[in-house]
Amino acid sequence: MRFLIAVFVSLFSLGALAQSVPPPALAANAWILIDHATGQTLAAKDPDTRIEPASLTKLMTAYLTFAAMKAGTITAEQVVPVSERAWRMEGSRMFIEPRKPVTVDELIKGVIVQSGNDACVALAELIAGSEEGFAALMNREAQRLGMVNTHFTNSTGLPDPQLYTTAGDLARLASAIVRDFPEYYSLYSMKEFTYNDIRQPNRNRLLYMDPTVDGMKTGHTSTAGYCLVSTAERGPRRLISVVLGAASDTVRAQESLKLLNYGFQFFETVKLYKADEALSQFRVWKGQLNELPVGFAQDFVISLPKEAADKIQVTLESRQPLVAPLDKGQEVGTLTLTVDGKPAGQYPVVALQEVPVAGFFGRLWDAIVMLFKQL
């Protein structure tokens, strides 16, 4: 499903709506479940607490590699020189060698499937000249994506005191990969990859346990514990879960699946309004039009507990006075949703067409009317 409209609903409000079916208790230090289409948090525990990301760092390494491929600055077939630094990387590897040709396509598969630290460094050096320069790009991209509680120091996730993120930021990054790079996202569902005659399986157990799961990335260090970012698509809905600090590989998979099942079973994604559908007409002053159709520039969808859609109440408020000129897409009011009297969010509505300034006499007449309204 394509990204429709950013919906900002507080965790408290959505949780309050779903009190009858609370989220499961998970054996993990922190976790979050979001709806990809709306960006809403369906359930969470400590989503803004800083943690060590371990190999989940490689999600940003892949994001920047995808961006470079999409921009044409590197190509999938491009042969990449392997430095001694990349060759000697510790931890998980795809086993690249300085005198053996390797392509960008092979390296990105080594990052995603084999979690190769050597592959990460080779890509970082290709894109930015050095891993240090690549880390600067990672931080710049993190800020652009709104990952305000994240800081990168390397491309691999090897422990560093200044390398940190949160469950919420990782969910945001995972959603951005699905949204921005659909042409490459299928790589996350690869169950194995062979390079240099060494076959390595994908460490994401959910790919083997649930056919609706098609990603995304595992992580583990002795201090971070076992971590997993998962995505699953069932029908038109895609959910993303982040589970951090589990006790084992088995536990992180079981708890992630438990969280995904909860979201699919007890929530639904509802389209309330179509793109460019006029919700109302707002009064405009000093313009060539007296009435302005307002609504949303994109389809408006929201995640709600099942059966709650029939209990939605809508309040629409105009930012008065609206004085021409007004541009198409300009914010002109606020739509407030409540469900059973509980707040479910506030969303900006926009002008669905342009309103140019009226002529002299039209502006004069409206100015007089506005003056008397203020008296």
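Predicted, not measured: the structure shown is a model, and the values here were computed from it.

### Quick look at the packing of aromatic side chains
- Taken as a whole and judged by the stated rule, the model has 13 aromatic pairs.
- Note on Y262 and F266: the rings are 5.6 Å apart at their centroids and 45 degrees apart in plane angle, and the pair reads as tilted. In this pair, Y262 and F266 both sit in helix 10 (residues 249-266), 4 residues apart, roughly one turn of the helix.
- Residue F266 is classed as partly exposed on the basis of its relative accessible area, which comes to 28%.
- Taken together through their ring pairs, the aromatic side chains of Y63, F66, F181, Y184, Y185 and Y188 make up a single cluster.
- Cation over ring: K100 sits above Y195, and NZ or CZ is 5.9 Å from the ring centre.

### Some words on the sheet that holds strand 7 (residues 237-246)
- Reading across the sheet, the 5 strands line up as 2-1-7-6-5 and stay open at both edges, with antiparallel pairing between neighbours. At either margin of the open sheet sits one strand with a lone partner, and together these are strand 2 (41-45) and strand 5 (213-221). Each adjacent strand pair in this sheet contributes to an overall mean axis angle of 5 degrees, direction not counted.
- Pairing analysis gives 4 bridges linking strand 1 (residues 30-35) to strand 2, with the strands arranged antiparallel. Residue pairing across strands places I32 opposite A44, the latter belonging to strand 2.
- In this fold helix 7 (residues 167-180) packs onto strand 1, strand 5, strand 6 (225-234) and strand 7, with an angle of close to 140 degrees to the strand it touches most, strand 7.

### Structural notes on unusual backbone geometry
- In this model, Q320 is joined to P321 through a cis peptide bond whose omega is 0 degrees.
- The residue P321 is located in the loop between strand 12 (312-318) and strand 13 (322-323) in this model.
- Here the bond from A324 into P325 is cis, since omega is 10 degrees, no more than 30 degrees from zero.
- The phi torsion at D46 lies on the positive side, around 50 degrees, for a residue other than glycine.
- Considering the arrangement of structural elements, one finds D46 in the loop between strand 2 and helix 2 (58-71).
- With relative accessibility at 39%, the residue D46 sits in the partly exposed group.
- The backbone of D197 sits at a positive phi, close to 65 degrees, despite the residue not being glycine.
- Secondary-structure assignment places D197 in the loop between strand 3 (192-195) and strand 4 (198-201).
- The exposure class of D197 is exposed, given its relative accessible area of 78%.

### A few points about the packing of helix 4 (residues 104-112) against helix 5 (residues 117-128)
- Relative orientation of the contacting elements helix 4 and helix 5 amounts to 135 degrees, with a least axis distance of 8 Å. Compared by their axis directions, helix 4 and helix 5 come out oblique. Viewed along their axes, helix 4 and helix 5 form a crossing whose handedness is left-handed. Residues V104, L107, I108, G110 and V111 of helix 4 form the contact with helix 5, whose own contacting residues are A119, C120, A122, L123 and L126.
- Taken together, the residues of the contact of helix 4 with helix 5 break down into 9 nonpolar, 1 polar and no charged.

### Observations concerning the pairing of strand 5
- Within strand 5, 8 of the 9 residues are buried, which leaves it mostly tucked inside the rest of the structure.
- In the sheet, strand 5 pairs with strand 6 via 8 bridges, with the strands oriented antiparallel. Note that in strand 6 the partner of V213 across the bridge is A232.
- The loop that links strand 5 with its antiparallel partner strand 6 comprises 3 residues.

### Section: the pattern of salt bridges
- A full pass over the atoms with the stated rule returns 18 salt bridges.
- Close ionic contact of R85 with E131 constitutes a salt bridge, the shortest N to O distance being 2.8 Å. On the criterion of sequence distance, the pair formed by R85 in helix 3 (residues 84-87) and E131 in helix 6 (residues 131-144) is long-range, its members being 46 residues apart.
- Notably, a salt bridge pairs D249 with R252, separated by 3.2 Å at the nearest N-O pair.

### Focus on the sheet that holds strand 10 (residues 291-295)
- With mixed pairing, the 6 strands of this open sheet are ordered in space as 12-14-15-10-9-13. Two strands close off the open sheet at either side, each with one partner strand: strand 12 and strand 13.
- The pairing of strand 14 (residues 331-339) with strand 15 (residues 342-351) spans 8 bridges and is antiparallel. Across the sheet, the residue bridging to L337 is G345, located in strand 15.

About the criteria used
Sequence order as written defines residue numbering, which begins from 1 separately in each chain. Only residues with pLDDT of at least 70 are given local features in this predicted model, and only at 80 or more are side-chain atom pairs given and counted; all residues enter the totals for whole chains, interfaces and linings. The basis for every side-chain value is the complete set of non-hydrogen atoms in the structure, without hydrogens or water. Note on aromatic contacts: the rings of Phe and Tyr and the six-membered ring of Trp form a pair at centre separations within 6.5 Å, being stacked when their planes are under 30 degrees apart, edge-to-face when over 60 apart, and tilted otherwise. Helix and strand assignments come from DSSP, with helices taken as H or I runs of at least 4 residues and strands as E runs of at least 2, each series counted from the N terminus. Accessible area is worked out with a 1.4 Å probe on protein chains only. A residue is then buried under 20% of its type maximum, exposed over 50%, and partly exposed in between. We count a charge as sitting over a ring when the NZ of a lysine or the CZ of an arginine lies within 6 Å of the ring centre and within 35 degrees of the ring normal. A pair of strands counts as paired when DSSP detects no fewer than two bridges linking them. Note on geometry: axes are lines fitted to C-alpha atoms, helical ones only across the stretch in contact, with angles between N-to-C directions running from 0 to 180 degrees. We call two residues in contact whenever any of their non-hydrogen atoms come within 4.5 Å of each other. Roughly parallel means an angle under 35 degrees; roughly antiparallel means over 145; roughly perpendicular covers 65 to 115; every other angle is labelled oblique. In this scheme the crossing of two helices becomes right-handed for a clockwise turn of the near helix relative to the far one and left-handed for an anticlockwise turn of less than a right angle. Residues are sorted three ways: Asp, Glu, Lys and Arg are charged, Ala, Val, Leu, Ile, Met, Phe, Trp, Tyr, Cys and Pro are nonpolar, and all the rest, Gly among them, are polar. The salt bridge definition used is simple: a Lys or Arg side-chain nitrogen within 4 Å of an Asp or Glu carboxyl oxygen.

These values are about where atoms sit, not about what they do.
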